[in-house]
Amino acid sequence: MKKFFALLIIFLTTTCGGEVSANVISGTITDRRGGTIPFVSVAEKGTTNGTISDADGRFNIAVRRLPVTLSFNCVGFNTVERTLANEEDGITVQMAEDAEQLDEVQVVARGRSRADNVIIGVENIQMAEMAKVPALMGERDVIKSIQLLPGIKSEGDGSCGFQVRGGTAVQNLVLLDNATIYNAGHLMGVFSTFNDDALTNASLYKGAIPAQFGDAASSVFDIKTRSGDMQEYYGNVSIGLLSSKFAIDGPIVKDKASFFLAARRTYFEIFLKPTKKYRDKVMNFYDINTKVTLRPSQRGIMNVMFFRGRDNMDMGNHIAEMHWGNTAATADYLHSIGQCLTLKTSLIYSQYDFIESMDVLKVKESFDSYLRHHTVREDVTITPSANQKIAIGLQYDHINLKSGEMKMSNGLVEREMRRGDELSFWVADEWSPADGDVELSAGVRGVIFKALDNDRRKQFTSVEPRFSLKWRLNDDQSLKAGYCRSSQHVQTILDNGLSSPIGRAVMAGKGISPMQSDQVSLGYVAETSDKKYEFSAETYYKKIANVYDYKDGKHLGADIALETLILNGRGRSYGVEMLAKRNMGRLTGWVSYTLSWVENKVKGINGGRWYTAPNDRRHDISIVAMYDLGNDWDLSATWVFTSGQALTAPSAKYELDEWTHYYYAERNGYRAPAYHRMDIGLNNTKERTHYTRIWSFGIYNLYNHYNPYIITFENDDEKVTGTRTEQVSLFGIIPSASLTVKF
Amino acid sequence: MKNFLYFSILAWATSLISCTKEIELDYHDIEPVPVIEGLLSADRTEVRITRTRNMDDSVKSAGIEVDRVEIISANGLATTLNYQSDGFYRPASAITLNDGETYTLRVTMDGVTYTGESTLQPAIQITEPEFLWANLMDWMQVMEFETINVADDAEVYGWIRIYRNRELYFADVGRIKGNSPIDIGLYYDSDMELDEEMILYNGDTLALEVRTIDLDVYNYLAEYNSTKMNPEQFFTPSVEGKVCLGYFAAYSSVSHEIIYRKTPHE
């Protein structure tokens, strides 16, 4: 294998060296912290020639003559111009944040707009844009923000689970610097696991997932963390009603090494202390993000990242308690060789664990589970010309899963543990001829997954083609098409169709087949010539093999062996999503609408007929508006509407053992009431000599509409209707305030 | 345990912020489905047959008379049960029962025969129940007792029932391995907003009954209790696709009666 890589590198170096014509400039664009900046516009001044930096901030441009002046543009940063007399490779272009621009409510999608991107169904999230959107309890949240985009739905109030194009939350792969994060929510999903201060950008692939990513039947959410500044020290402190956080970063050795540290903790339980009933209770979470960046040479950058998020709940004196969270650590080294070859080597560890215990009188019981990934990954990027980029890679994962271990008072111990190895490799090519109307991104991913346990030993292989095409109709309009096949070998089985810390995972093996999705999508993108307005529409059809649903009468805790509780079948989803966006001016924002259907067919459920999936919702509307009031004030508002979620409700009742029971004739045959809510936010930002102060005020659920969270049924023979149906709602109107000081 | 604990904590957490309101749901009507409840023990042998009713029907279903109801012993001896009233069927004379033997209930109605089997389990012994404070929630008292004649390596399936003033107040099933303490959380009158029917009052007569049942009955009841949804069908119909609800349980039982007195809070 080592020999193979050496040959590959020599071959690639030779190949691209041979193909490069004259005058190619390549390099990496970073911020002052050393963090790479994706999707920066790079233009040859005085011409129409240009390109855009990739997700790792790398660019490669062929220029017509030397010397040349290159202009680097990105919203939120000062424009940089660099004049070069000779052909150069591996240059580093540093861009400084434009504080004034960020403080304005002039939110432009920093980076690739839908029109620019060849890949269909990708959403690029910038933290600067996210900061303006109102948030629950004043906590800005990257996961809550993406739920405002077309084709992406929240599981429900207070949930950090998101559903993409008819997929469930467990069919999404969430990556933090390439480390897999499970159940990305704090406090049962009220807050996300991710502290926005620690993030730079994120990309959600909901259509054609690039070949570099796998193990996701529905979508990949790729989140990147911040690096420390290489020259100056910066920090910020934020104090909110329910949580506080700080972030600090700066150089360890100027221009050579930097650090970044951010931490957040809630103090919700303080509000419980004055009450006699709840004073012993514990309900808190914390998370820590840290990153060290080293730049040993102009051609190499090394990052070491650590993340830990933890939730703690205790009903008092350890009588009944629950703890859960994610831990992730990554180390990667990015190195450029020659003009057009970049290597990135990554070592990745991630763990999600959950433990609960009860110690009441003579009952001492506990349950715990974990899911661990040990990963080695190599990414090779070749840019043989300014119009073409080839990505080749290899990844090995060793996965340890303890799906559950129950210890009972009577000494009974039940345990379910699994191990698996996964080897993935990919080749992808992105090709955009300078004068052509067609751009193409095509790739293929191969996966070999081996379940290692004796009783379930089995090997699965899959070949997953990925493909995206953009056809430019004219300067302002494009058509797009895409196809993606993706398989997933580890999945969490949801309880009640919602993400929760107790969700138990299963791994492919004998008796459990990997999920595999095939999606085709078509899209149309248009923008005005001044880029002020943007419109897009995409339609998709997705089918998934090996979706799992509970057998009648079974639930998550019914048996330690999950295989005995679930049935396997197939699913399909289809729909259309539309977005109209205003990018510039005092008023910015967007309106998105999704019309969709999601259905499953599982032998043994609903008589083996197609039935509505629990995450099916017909209409989904989001309106987001941000307005610059002037004098340091900005106002934002969001309104969301979603059709009622599919619901399994009884069709009849009967008496047995003196009590009334219910009979369910159909799975998900009813609809819960529709969900709608309006939030508003108000920010005041003051620039001082040595610091910036931001007051943020918000109201979540402005008109106090109680949305369905749980629906219960109770027999009531004194009522004419015979049944009392009740809706439990989680959040009414919630005001919030926070103070942030940046220095 | 896993679900109980998680949902207890979740219920506590959501109770801090949530609210409840009544809503209207347009329930679908379906053809009534037969329901069979068969019990066989040393002092009680009866089968009741009813049908389901629509969700918006506030009148309980009356019992129905069917073509034939019989219980067949392990030795093949069939005893026909006679119709009494309101769907109840009882034998003319007691059926001889033996621990470890399997009995079959066969009900014929509308041209379909539904068949279910149950194996009689030996009774276990339990200590006198007592009341303790759970210290889990201020509103919960715990009735605690222990099993005393279960072998260390034996696993029995218990159907625990508590009658308050002769009305069924609590029923659940559990796996008992060896001699184990069993704690049952019960409500007492407090400032919590609890279902009034569930609150215990000083002087209430509580009768504890522990039935030992076989695995099939345990699975049926456990599935219903944990999900409140359709358990796997207990009875096998002679015509494929026919649905029938309910179970047939051969059981042995032990009982204790206690007067509830609120114990001092520790």
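Calculation criteria
- Residues numbered from 1 in each chain as written.
- Chains lettered and ligands numbered in written order.
- Predicted model: local features only at pLDDT ≥ 70, side-chain atom pairs only at ≥ 80, totals over all residues.
- Helix = DSSP H or I, 4+ residues; strand = E, 2+ residues; numbered from the N terminus.
- Buried ≥ 20, exposed ≤ 12 C-beta atoms within 10 Å, placed from the backbone.
- Contact = placed C-beta atoms within 7 Å.
- Expected span 1.5 Å × (residues − 1).
- Pairing = 2+ DSSP bridges.
- Axes fitted to C-alpha atoms, helices over the stretch in contact; angles between N-to-C directions.
- Domains from an automatic or database assignment.
- pLDDT = per-residue confidence, 0-100.
- Core = buried A, V, L, I, M, F, W, Y, C linked by C-beta atoms within 7 Å.

(A) The arrangement of the overall build of chain B in detail. When its secondary structure is counted, chain B shows 2 helices and 19 strands. Here chain B, with 266 residues, has 30% of them falling under the buried criterion. In chain B, of all internal contacts separated by at least 6 residues, the share reaching a separation of at least 24 is 62%.

(B) Fine view of the overall build of chain A. Along its length, chain A carries 4 helices and 47 strands. Long-range contacts, defined as pairs at least 24 residues apart, comprise 63% of the intrachain contacts of chain A with a sequence gap of at least 6.

(C) Molecular detail of helix α2 (residues 215–227) of chain B. Helix length check: α2(B) (13 residues) gives 18 Å between terminal C-alpha atoms against 18 Å at 1.5 Å per residue, within 8%. Of all the positions in α2(B), only Val217(B), Tyr218(B), Asn219(B), Tyr220(B), Leu221(B), Ala222(B), Glu223(B), Tyr224(B) and Thr227(B) are classed as buried. Contact partners of the buried residues in α2(B): β41 (659–663) of chain A together with β9 (112–119), β12 (155–164), β13 (167–177), β16 (205–213) and β18 (245–250) of chain B.

(D) Region of interest: the sheet that holds strand β19 (residues 252–259) of chain B. Residues and elements named next belong to chain B. The strand order across the open sheet built from 4 strands is β13-β12-β16-β19, with neighbouring strands paired in antiparallel fashion. Unpaired on one side and paired on the other, β13 and β19 mark the two borders of the sheet. Averaged over all pairs of adjacent strands, the angle between their axes in this sheet comes to 20 degrees, without regard to strand direction. Bridge count for β16 against β19 is 8 bridges, and the pairing is antiparallel. Each bridged residue has a counterpart across the sheet, and for Ala-207 the counterpart in β19 is Glu-257.

(E) Structural context of the sheet that holds β41(A). With antiparallel pairing, 3 strands are arranged side by side in an open sheet as β41(A)-β40(A)-β4(B). The open sheet is flanked by β41 of chain A together with β4 (53–54) of chain B, the only strands paired with a single partner. Sheet topology places strand β40 (residues 652–656) of chain A next to β41(A); 5 bridges connect them, and they run antiparallel. Residue Ala652(A) lies in a different strand from β41(A), and its bridge partner there is Tyr663(A).

(F) Main features of the environment of His374(A). Residue and element names in this part refer to chain A. Mapped onto the secondary structure, His-374 falls in strand β24 (residues 363–385). Accessibility expressed as a C-beta count within 10 Å gives 14 for His-374, which makes it partly exposed. As a C-alpha pair, His-374 and Leu-739 span 365 residues in sequence and 39 Å in three-dimensional space. Each residue touching His-374, except ones within four places of it in the same chain, is listed here: Tyr-349 and His-398.

(G) Geometry of the domain arrangement of chain B. Residues and elements named next belong to chain B. You can read the domains of chain B as domain 1 (34–121 + 217–252) and domain 2 (123–214 + 253–259). Distance between the C-alpha centres of domain 1 and domain 2: 26 Å. The interface is formed by 12 residues belonging to domain 1 together with 11 residues belonging to domain 2. For the side of domain 1 that touches domain 2, the elements supplying multiple residues, two or more each, are β9 and α2. Among the elements that make up the side of domain 1 that touches domain 2, the one with the highest residue count is α2 (5 residues).

(H) The arrangement of the pairing of β9(B) in detail. Residue and element names in this part refer to chain B. As judged from the 8 bridges shared by strand β8 (residues 102–109) and β9, these two strands associate in the antiparallel manner. Paired with Val-107 across the bridge in β9 is Tyr-114. Once β8 ends, the chain turns through 2 residues before running back antiparallel as β9, passing Asp-110 with a positive phi of about 50 degrees. Here β9 runs beside strand β17 (residues 236–237); their pairing, made up of 2 bridges, is antiparallel. Bridged to Thr-115 within β17 is Thr-236.

(I) Spotlight on the confidence of the model for chain B. Per-residue confidence for chain B gives a mean pLDDT of 85, with 86% of residues at or over 70. Here the predicted complex carries an ipTM of 0.88, next to a pTM of 0.82.

(J) Representation of the environment of Leu204(A) within the structure. Inspection of the secondary structure puts Leu204(A) in strand β15 (residues 199–205). Along the primary structure Leu204(A) and Ile125(A) are separated by 79 residues, whereas in three dimensions their C-alpha atoms are 7.9 Å apart.

(K) How the structure looks around unusual backbone geometry. Within the chain, Asn631(A) stands out as a residue other than glycine whose phi angle is a positive 50 degrees. Inspection of the secondary structure assignment puts Asn631(A) in the loop between β37 (619–630) and β38 (633–642). For Asn165(B), which is not glycine, the phi torsion reads 50 degrees and is therefore positive. Within the secondary structure, Asn165(B) is located in the loop between β12 and β13.

(L) Structural detail: the nonpolar core. Grouped together as the largest cluster of nonpolar side chains are 67 residues, with contacts concentrated most on Val142(A), Ile146(A), Leu175(A), Val220(A), Ile223(A) and Met507(A). Membership of the second largest hydrophobic core comes to 50 residues, among which are Ile36(B), Tyr103(B), Tyr114(B) and Tyr218(B).

(M) Molecular detail of the pairing of strand β31 (residues 504–507) of chain A. Residues and elements named next belong to chain A. Side chains of β31 alternate between two faces, with Arg-504 and Val-506 and Ala-505 and Met-507 buried alike. Taken together, the 4 bridges between strand β30 (residues 490–493) and β31 define a ladder with antiparallel strand orientation. Paired with Ile-493 across the two strands is Arg-504, which belongs to β31.

(N) Fine view of the environment of Ser226(B). Within the element layout of this structure, Ser226(B) appears in helix α2. Linking Ser226(B) and Leu200(B), residues 26 residues apart in sequence, is a C-alpha distance of 24 Å.

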